[in-house]
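Structural features, examined
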Amino acid sequence: MSETVEAVVMTGPGRPLDRRKFAAPRARPGGAILEMVATEVCGTDVHLHHGRLSGVPYPIIPGHVNCGRVLETGGPLQDVQGRAISPGALVTFFDVFGTCGSCWHCLVAKAATRCPHRRVYGITTSAADGLLGGWAERIEILPGVRVLPLPEGVEAEDFMGGGCGLPTGFHAVERAAIALGDTVVIQGSGPVGLNAAIFAQLAGALAVFVVGAPSARLSAARKLGAEDVLDITSAGSGEERVRWVRDRTAGRGADVVIEASGNPAAVPEGLEMLRDAGRYVVVGQYTDAGDATLNPHRHINRRHATILGCWGYEFTHLHRALQLLARHNARFRWRDLIPREYRLEEAGQALEDMENLAVVKAVIRP
Ligand SMILES: [Zn+2]
Ligand SMILES: [Zn+2]
């Protein structure tokens, strides 16, 4: 084992990335060390670089969704089915840890993604605490972190093509409670929107429409089975976009609308796209991008709308999304969402490309 491990550190909001050497970690009892195979650069990392998330303990090693090979374990390690995970196994892990299971949020509200003790690799872990982010040659799996072996036939790029959008899109579709034959509109064609489009189809939607940009992401949506797509850069006004949806839904609006755009103005617009007594899920407002004005009478009360928020994801979403990816990999080809891969020293370029929406999914191979 080499003595040092290289990692890319985000030193603070708006500050340049820094390549640093860390002492090679050893597995703690109940933990493990992974040799990194692939890590993602996602919208969250762009937000982190701009300081748009609160409570981030800079300097951090970004990279919250990862894939690696087990280098060593600190004693026996098992997956959720009780099968042994041995050195050499290709795995991912649930990036959330520390969810306490004993606070009011965990026990009474049963809303584990709102547990105040919850921590996330690459987001709320400081570089001072070690290799707890994926932009590195190795990563430490802390005791209690849940490791998931990639199912038979799934390679690192298949899983990373889904990335964090995979369980997030899955969770949004679960919240939407799509019924067989529902018509669904997805606002936003980023990784979360595209994965929501996939899972909406698997949930039995009759047709999925995607409203977003740029055109490369919309053609990806078409390949993934979207019935039709609308480029927001060519359909100038909100009224035009709402009309476009109503034209495709017998004038009534969609049964389900999922907001995955991150733009607050998308919310009142999306509610106009929703049919009476429809369900609206907000998953795209991951940072505070400002306010939007609703008309409570027209948008909510008279429409008899159900509006649901969707924060983060739990182990169950990652587990089930990964099993579905393995089953439907030939149909949806998640790996095609990765137009190019980057080396660790190209992390800054990957961040820039992600910010400019030049790529759907940016993956680093350390
Ligand atoms: Zn808790
Ligand atoms: Zn992410």
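Please refer to the structure placed before this passage.
Residues numbered from 1 in each chain as written. Chains lettered and ligands numbered in written order. Predicted model: local features only at pLDDT ≥ 70, side-chain atom pairs only at ≥ 80, totals over all residues. Heavy atoms only, no water.

1. Things to note about the coordination of the zinc ion (ligand 2)
At the metal site, the zinc ion (ligand 2) is ligated by Glu 40 (OE), Cys 42 (SG), His 64 (NE2) and Cys 164 (SG), and these contacts range over 2.0 to 2.3 Å. What the four donor atoms of the zinc ion (ligand 2) show is an angle range of 87 to 121° at the metal, which sorts the shape as tetrahedral. Counting gaps between the donor residues of the zinc ion (ligand 2) yields the pattern E-x1-C-x21-H-x99-C. One end of the pair, Glu 40, is in strand 3 (residues 32-41); the other, His 64, is in the loop between helix 1 (43-49) and strand 4 (66-73), and 24 residues separate them in sequence. A relative accessible area of 5% places His 64 in the buried class. (Donors = N, O, S within 2.8 Å, 3.2 Å for Na, K, Ca; no water. Tetrahedral: all angles 85-135°; square planar, octahedral: opposite > 155°, others 65-115°. Helix = DSSP H or I, 4+ residues; strand = E, 2+ residues; numbered from the N terminus. Buried < 20%, exposed > 50% of the residue type's maximum accessible area, 1.4 Å probe, protein only.)

2. Brief notes about the sheet that holds strand 12 (residues 228-231)
The parallel open sheet is built from six strands, whose spatial order is 12-11-10-13-14-15. Looking at which strands have only one partner, the edges of the open sheet turn out to be strand 12 and strand 15 (306-309). The average undirected angle you get between the axes of adjacent strands in this sheet is 15°. Direction of pairing for strand 10 (residues 183-187) relative to strand 11 (residues 207-212): parallel, over a ladder of five bridges. Among the inter-strand pairings, Thr 183 is bridged to a residue of strand 11, identified as Ala 207. (Pairing = 2+ DSSP bridges. Axes fitted to C-alpha atoms, helices over the stretch in contact; angles between N-to-C directions.)

3. Concerning the coordination of the zinc ion (ligand 1)
Here the zinc ion (ligand 1) is held by the protein donor atoms Cys 100 (SG), Cys 103 (SG), Cys 106 (SG) and Cys 115 (SG), which lie 2.3 to 2.4 Å from it. Considering all four donor atoms around the zinc ion (ligand 1), the spread of angles at the metal, 103 to 118°, places the coordination shape in the tetrahedral class. Taken in chain order, the donor set of the zinc ion (ligand 1) reads C-x2-C-x2-C-x8-C.

4. Observations regarding the packing of helix 4 (residues 165-176) against helix 5 (residues 191-202)
One can describe the packing of helix 4 onto helix 5 by two numbers: an axis separation of 7 Å at closest approach and a directional angle of 55°. As judged from the angle between their axes, helix 4 and helix 5 are oblique. Note that helix 4 runs across helix 5; the crossing there is right-handed. Each of Gly 165, Leu 166, Thr 168, Gly 169, Phe 170 and Val 173 in helix 4 lies in contact with helix 5, whose residues at this interface are Pro 191, Val 192, Asn 195, Ala 196, Phe 199 and Ala 200. Residues that form the contact of helix 4 with helix 5 fall into these classes: eight nonpolar, four polar and no charged. (Parallel < 35°, antiparallel > 145°, perpendicular 65-115°, else oblique. Left-handed = near helix turned anticlockwise from the far one by under 90°. Contact = heavy atoms within 4.5 Å. Nonpolar A, V, L, I, M, F, W, Y, C, P; charged D, E, K, R; others polar.)

5. A closer look at unusual backbone geometry
For the bond running from Tyr 58 to Pro 59, omega is 0°, close enough to zero to count as cis. With respect to the helices and strands, the residue Pro 59 is situated in the loop between helix 1 and strand 4. Residue Pro 214 is bonded to the preceding Ala 213 through a cis peptide linkage, with omega at -10°. Mapped onto the secondary structure, Pro 214 falls in the loop between strand 11 and helix 6 (215-223). Even without a glycine there, the phi angle at Ala 277 is positive, about 65°. Mapped onto the elements, Ala 277 comes out in strand 14 (residues 274-282). On the basis of relative accessibility, which here comes to 34%, the residue Ala 277 falls in the partly exposed class.

6. Side note on the nonpolar core
Judged by nonpolar contacts, the single largest core of 85 residues is most densely connected at Ile 61, Trp 135, Phe 159, Val 210 and Ile 258. Phe 209, Leu 230, Val 245 and Ala 254 belong to the second largest nonpolar core, which has 18 residues in total. (Core = buried A, V, L, I, M, F, W, Y, C linked by side-chain atoms within 4.5 Å.)

7. Re the packing of aromatic side chains
Enumeration according to the criterion identifies eight aromatic pairs in this entry. Grouping aromatic residues by their ring pairs yields a cluster made of Phe 93, Phe 97 and Tyr 121. If you follow Arg 146 out to its NZ or CZ, it ends over the ring of Phe 315, 6.0 Å from the centre. (Phe/Tyr/Trp six-rings, centres within 6.5 Å; stacked < 30°, edge-to-face > 60°. Lys NZ or Arg CZ within 6 Å of the ring centre and 35° of its normal.)

8. Comments concerning the packing of helix 5 against helix 10 (residues 315-332)
Taken N-terminus to C-terminus, the directions of helix 5 and helix 10 make an angle of 90°; their axes are 12 Å apart at the nearest point. Classified by the angle their axes make, helix 5 and helix 10 are roughly perpendicular. Contacts between helix 5 and helix 10 involve Ile 198, Phe 199, Gln 201 and Leu 202 on the former and, on the latter, Ala 321, Leu 324, His 328, Arg 331 and Phe 332.

9. A look at helix 4
Think of an α-helix as turning once every 3.6 residues; residues three or four places apart then point the same way. The first and last C-alpha atoms of helix 4 sit 16 Å apart over twelve residues, in line with the 16 Å expected at 1.5 Å per residue. Summarising burial for helix 4: ten of the twelve residues are buried, a large majority. Looking only at helix 4, the buried set comprises Gly 165, Leu 166, Pro 167, Thr 168, Gly 169, Phe 170, His 171, Ala 172, Val 173 and Ala 176. On its buried side, helix 4 packs onto helix 3 (156-162), helix 5, strand 13 (254-259), strand 14 and helix 10. (Expected span 1.5 Å × (residues − 1).)

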